Amino acid sequence: MEYLISMTKTHDLKFNNCKFAKKVMSDTINMLIDATADPILKGIAEKVKHNTRITDEECLQLFEKGELSFVGTLANIIRERLHGDVTYFNRNFHIEPTNVCVFSCKFCSYSMLYAHKEEGWELSIDQMVDIVKSYDNKPITEVHIVGGVHPKMNMAYFIELIQKIRAHRPDLHIKAFTAVELDYMFRKAKLSAEEGLQQLKAAGLQSLPGGGAEIFHPAIREIIAGDKVSGEGWLKIHETAHKLGMHSNATMLYGHVEKFEHRVDHMSKLRALQDKTKGFNTFIPLKFRNANNDMSYLEESTITEDMRLYAIARIYLDNFPHLKAYWPMLGRQNAQLTLSFGVNDIDGTIDDSTKIYSMAGSEEQTPTMSTEDLVNLIKQSKRKPIERDTLYNVITDYSEVTVFN
Ligand code: SF4
């Protein structure tokens, strides 16, 4: 715990004296190295000190042996090297076209099988455009569109949706469709990933969200999500999007039946693809929540394990610029805590427009935060609140702002 105290002092000092803060950071890592008896952990701390990539085996060792204070200190040093105190958020809302889904992932609390579709929801294009119109004159920068995989919502349907949103509000960044939805859409339309993405991009799609990644390892994927796109398929779609000049995010669903080695395998595949394309913006760990699904018999991960995971991800994924805590899934207070464990992005205002995690038992049953709420949450952690757009261009520095629109 003393490391954590040093860590807190480091970012407090940074407000006043950058050089002095750097010295404190360097002293902190040296103290950590001196105090670490385990040779592998000591070697990892040395690598972080010298900004050197850790191996998959070292990442596994961090999961097996790294105490929260150890990994947290290293992750915070990396976070502050990359971003200082800057903590990003955006102003966004979600559209979930349907929760009817042809798949039956065991962890999913949200979907309704096609056979019971009358118990779910299906939004028409006009209804979704009306949702967009409800944000007219509001300073929202992004719409995030994901949902179930509905057999009747095909390429033509979504191309029309995107074109209508683009026509109504050209300034809104459209980030839409998980690789799971895309894979199904493209197969039905008999299109390659490249052809399908080109058509959607031409219609106005700009980025892909990171959902549907779950755990890539086939043995675990088979158990939790055996009937949807494989890990390789997910990666191929993101690689193709990057090749076409689109950015995307990546997620990992953790805390269910996977072992540490499967987390390492998952992040290793993401790191390798990022080396190749540099197209990922942010990594978003997603905690398995156990309400209302076929895996409700499993206990959820502890907050300590959650924070360790964020920290280890920050240490391992050296080529991912950003690490995000998705507050509707984690709860706002836990999301705030992640800002001391490597996280530099806390997602957006959301405006109660997603049901995915509230139906899975998240603390956030009506997820919405005003800009002021988000700014205060970040400031309470002694970090610097910056509103960004989807691609991390700075919109507003809220450090000194006290009046909100
Ligand atoms: S996680 Fe996605 S693909 Fe799987 S059942 Fe739920 S909505 Fe369908």
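Residues numbered from 1 in each chain as written. Predicted model: local features only at pLDDT ≥ 70, side-chain atom pairs only at ≥ 80, totals over all residues.

Asker: How would you summarise the environment of Q380 if you had to cite specific residues and measurements?
Answerer: Mapped onto the fold, Q380 is located in helix α16 (residues 371-380). Among the residues examined, Q380 registers 11 C-beta atoms within 10 Å and is labelled exposed. C-alpha separation for the pair Q380 and Q336, spaced 44 residues apart in sequence, amounts to 8.5 Å. (Helix = DSSP H or I, 4+ residues; strand = E, 2+ residues; numbered from the N terminus. Buried ≥ 20, exposed ≤ 12 C-beta atoms within 10 Å, placed from the backbone.)

Asker: Give a detailed account of the nonpolar core, specifying residues and quantitative values.
Answerer: Ranked by size, the top nonpolar core spans 101 residues in total, and within it Y310, I312, A313 and I315 carry the most contacts. A total of eight residues in this core trace back to one element, the largest contributor, which is helix α13 (residues 303-316). Of the domains in this structure, domain 1 (2-86) and domain 2 (87-397) are the two that each give at least three residues to this core. Excluding residues that lie within four positions of it along the chain, A313 makes contacts with M267, F283, P285, L323 and G342. (Core = buried A, V, L, I, M, F, W, Y, C linked by C-beta atoms within 7 Å. Domains from an automatic or database assignment. Contact = placed C-beta atoms within 7 Å.)

Asker: Please set out the domain arrangement of the chain residue by residue, giving values where relevant.
Answerer: What the domain assignment lists for the chain is domain 1 (2-86) and domain 2 (87-397). Between the C-alpha centres of domain 1 and domain 2 there is a distance of 29 Å. Taken together, the contact between domain 1 and domain 2 spans 24 residues of the former and 24 residues of the latter. Broken down by secondary-structure element, the contributors of at least two residues to the side of domain 1 that touches domain 2 are α1 (2-14), α4 (56-65) and α5 (68-83). Per-element accounting of the side of domain 1 that touches domain 2 gives the leading share, nine residues, to α5. A breakdown of the residues in the side of domain 1 that touches domain 2 according to their chemical character gives 13 nonpolar, five polar and six charged. (Nonpolar A, V, L, I, M, F, W, Y, C, P; charged D, E, K, R; others polar.)

Asker: Hey, could you go over the site of the ligand for me, with residue numbers and the actual values?
Answerer: C101, F103, S104, C105, C108, Y110, S111, G148, V149, V180, A225 and K228 make up every residue found near the ligand. When its residues are assigned to classes, the shell around the ligand shows eight nonpolar, three polar and one charged. (Near = placed C-beta within 6 Å.)

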